[in-house]
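Remarks on the overall topology
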Amino acid sequence: MATLSGPNTKDASGASVSKLIRAYHRETGVFLGEVASSPVDGSWSMSFPGYSAGTKCFAICHDGIGFANKANVVLALDFEGGSIVDRKGHSLSIGSGATQSTSYPAGGTKSCRLDGTANGYLSFANHADFVFSNSKFEILIYVRWDGSPGRLFSNGEQAGSIWPINEIAINGDGSITWVLNTSNGSGYTTQSTSAGAVTANTLIELLFSRHASGVHTIHVAGTKVKEFTWNNTLYNASNGIVLGAVRTSGGFSTNLACYIDNFRLAIGASRMYDNYTPSPVFVYDALPSPTENALIYDYLSMV
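Here the structure is a predicted model, which is why all the values come from computation and not from measurement. (Residues numbered from 1 in each chain as written. Predicted model: local features only at pLDDT ≥ 70, side-chain atom pairs only at ≥ 80, totals over all residues. Heavy atoms only, no water.)

**What about the overall build of the protein chain?**
Just so we agree on the cut-off: Runs of H or I in DSSP of at least four residues are treated as helices and runs of E of at least two as strands, each being numbered from the N terminus. The buried label goes to any residue with under 20% of its type's maximum accessible area, the exposed label to any with over 50%, and the partly exposed label to all in between, with areas taken from a 1.4 Å probe on protein chains only. In this analysis, two residues are considered to be in contact whenever any of their non-hydrogen atoms come within 4.5 Å of each other. Residue exposure ignores everything except the shown protein chains as possible cover, and the areas themselves are Shrake-Rupley values with a 1.4 Å probe.
Secondary structure summary: the protein chain contains zero helices and 23 strands in total. Residue burial in the protein chain is summarised as follows: out of 303 residues, 53% are buried. Here the analysis covers contacts within the protein chain between residues at least 6 apart in sequence; of these, 67% occur between residues at least 24 apart. Entry remark: accessible area of the protein chain is about 11700 Å², with carbon and sulfur atoms responsible for 47%.

Structure (C-alpha cells):
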C-alpha cells in the first residue's frame, strides 16, 4: 500500500480550511480517489492498495488555494514532447541557442538549454494576456544556472538604461534582482536578494509572486528569501515575454546561460506566501476536472 499527500489547503486569507481533494494517476489519468482535507490544518492524505511508493500522481483541490488557478495560467512550458511549445497556445519564437535537452529536467524527462549567446532565448509575441497591471501574479520556473550574470525573465523592451516592465536577473554573485516598472523609466522599484540566493550548477525552483496589497515575495527552493511592498500598477501594455534574455531595439541581449524547466506564468492569482515544499508543476492541455477553476497539485509521488 502507498500513500499520497500534498500541500495543505487554505482559504483566500491564508487560513487552513477543508477542501475536496481528488487524486489521479500521473501517466494514465485514472481517477484514484478523493478525500476532504483537515479543517484544522488543511492537511490531507490518501492510501492506495496495489500501488507502490514512487507512483506519480496529480491532485485537484476544488475551490481552494494551492497552486495557481488553472484559469489564471497564461503561459506553461514543460519542454516534453518533440518540440518546444506553449501549452496555452501562445506564439513562440525560439532562438537557435535554445534547444530541448534531456539534462536536468524537473520532474519530467526534458528541459530547455539556453546557451548564453545572443540567440539563447525563448520569446513570446505581444499579447493581451501579458498585462500585469495591479493584479496578483506568479512566475514559477526551474533553473540550473551556469554562473554568469544575465536576464532570466523580461516583459517589455529595454530602452537604453531603462529596464522593462517586469524583469528578473540572476547576478554573478548568485543574488537575484527583480525590477518592476510603472511607466517608461519612471516610478520603478529595484529589489535584490542577498548574494548566494541561487547556487550555480544546481537545479532549483524559483517563485516570484505578487499578493494582495502590493506584497511581493521571492521564494528559492520553497524558502522565502525576499519580501517587499510596492503597491503600484505595472505599466499597462500587452508586451511580449522573453526567457533567458531581454528584448532591445537591436534584438536580444544580457543572455543567461542555464537550463530551465516547468515555466509557468499566472496572472490574477498567487500561490504561496509562507515557506513551502516545492513540487514541480505541469499544466495539462485538458484535465479530468469538473470545474475549470479547480487548483492543481502536480508531480506528487506516493510514499
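**With respect to the environment of Pro 49**
Along the polypeptide, Pro 49 turns up in the loop between β4 (45–48) and β5 (56–62). Linking Pro 49 and Ala 2, residues 47 residues apart in sequence, is a C-alpha distance of 6.5 Å.

**Details of the sheet that holds strand β13 (residues 166–170)**
Going by this rule: Only strands joined by at least two bridges in the DSSP assignment are considered to pair. Here, axes are lines fitted to C-alpha atoms. For helices the fit covers the stretch in contact, and angles between N-to-C directions go from 0 to 180 degrees.
With respect to topology, seven strands assemble into an open sheet ordered β7-β10-β19-β12-β13-β14-β15, the strand pairing being antiparallel. With one partner strand each, in any of the chains shown, β7 (92–94) and β15 (188–192) form the two edges of the open sheet. Within the sheet, the average angular offset between the axes of one strand and its neighbour, ignoring direction, is 15°.

**Brief notes about the pairing of strand β6 (residues 73–77)**
Counting buried residues along β6, five of its five residues qualify, which places the element largely inside the surrounding structure. Alignment of β6 against strand β22 (residues 257–267), held across four bridges, turns out to be antiparallel. Residue Val 73 lies in a different strand from β22, and its bridge partner there is Ala 266.

**Let's talk about unusual backbone geometry**
We note that Ser 133 has phi near 55°; this positive angle belongs to a residue other than glycine. With respect to the helices, strands and loops of the structure, Ser 133 is situated in the loop between β10 (122–124) and β11 (137–145). Overall, the relative accessible area of 17% leaves Ser 133 in the buried class. Of note in the backbone geometry, Ser 213 takes a positive phi value of approximately 60° without being a glycine. Position of Ser 213 among the secondary structure elements: in the loop between β16 (203–210) and β17 (215–220). Classification of Ser 213 as exposed rests on a relative accessible area of 56%.

**Remarks on the nonpolar core**
We count it as follows: In this text, buried Ala, Val, Leu, Ile, Met, Phe, Trp, Tyr and Cys residues form a nonpolar core when linked through side-chain atoms within 4.5 Å.
Within the largest apolar cluster, 43 residues are counted, with the highest numbers of intra-cluster contacts made by Leu 122, Val 143, Ile 176, Leu 206, Ile 260, Phe 263 and Leu 265. In this structure, Ile 21, Ala 23, Met 46 and Phe 48 belong to the second largest nonpolar core, which totals 13 residues.

**Side note on the packing of aromatic side chains**
Put simply, the rule is: Each aromatic pair joins two rings of Phe, Tyr and Trp (for Trp, the six-membered one) with centres within 6.5 Å, and gets the label stacked for planes under 30 degrees apart, edge-to-face for over 60, and tilted for any other angle.
This structure, assessed with the given rule, holds eight aromatic pairs. Residues Tyr 104 and Tyr 259 carry aromatic rings whose centres are separated by 4.9 Å and whose planes lie at 70° to one another, so their mutual orientation is edge-to-face. Taken together, the residues span a long stretch of sequence, with Tyr 104 in the loop between β8 (98–101) and β9 (111–115) and Tyr 259 in strand β22 at a distance of 155 residues. When the ring of Trp 178 is compared with that of Phe 208, the centres are 5.4 Å apart and the planes differ by 75°; the resulting orientation is edge-to-face. In this pair, Trp 178 is assigned in strand β14 (residues 176–181) and Phe 208 in strand β16, connecting sequence segments 30 residues apart. For Trp 178, a relative accessible area of 0% corresponds to the buried category. What makes Phe 208 buried here is its relative accessible area of 0%. An aromatic cluster of at least three residues, connected via ring pairs, comprises Phe 132, Phe 137, Trp 178, Phe 208 and Phe 228.

**Some details on the environment of His 211**
Note the cut-off: Each polar contact in these results corresponds to two N or O atoms within 3.5 Å; when the atoms are within protein, one needs to be able to donate a hydrogen and the other to accept it, and residues that are neighboring in sequence are counted only if both atoms are side-chain atoms.
You can see His 211 is positioned in the loop between β16 and β17. Residue His 211 is classed as buried on the basis of its relative accessible area, which comes to 11%. Linking His 211 and Ser 270, residues 59 residues apart in sequence, is a C-alpha distance of 6.0 Å. Discounting residues that sit within four places of it in the chain, His 211 has contacts with Lys 136, Thr 217, Ser 270, Met 272 and Tyr 273. Within the structure, the side chain of His 211 is placed 3.1 Å from the side chain of Ser 270, a separation counted as a polar contact.

**Observations concerning the confidence of the model for the protein chain**
Operational definition: Every residue is assigned a pLDDT by the predictor, reflecting its confidence on a scale from 0 to 100.
Per-residue confidence for the protein chain averages 83 on the pLDDT scale, and 84% of its residues sit at or above 70. Counting contacts from residues 64–69, a segment whose pLDDT is below 50, to residues more than four positions away or on other chains yields 32 contacts. This stretch, residues 281–293, has a pLDDT under 50; its non-local contacts, to residues over four places away or in other chains, come to 39 contacts.

**Section: the side chain of Asn 255**
Its location among the elements puts Asn 255 in the loop between β21 (251–253) and β22. Given the relative accessible area of 11%, Asn 255 is considered buried. Of the polar contacts made by the side chain of Asn 255, one reaches the backbone oxygen of Thr 117; its length is 2.8 Å. Here Gly 120 takes part through its backbone oxygen, which lies 3.4 Å from a polar atom of the side chain of Asn 255. Apart from the residues lying within four places of it in its own chain, the contact partners of Asn 255 are Gly 116, Thr 117, Ala 118, Asn 119, Gly 120, Tyr 121, Pro 149, Gly 150, Gly 244 and Ala 245.

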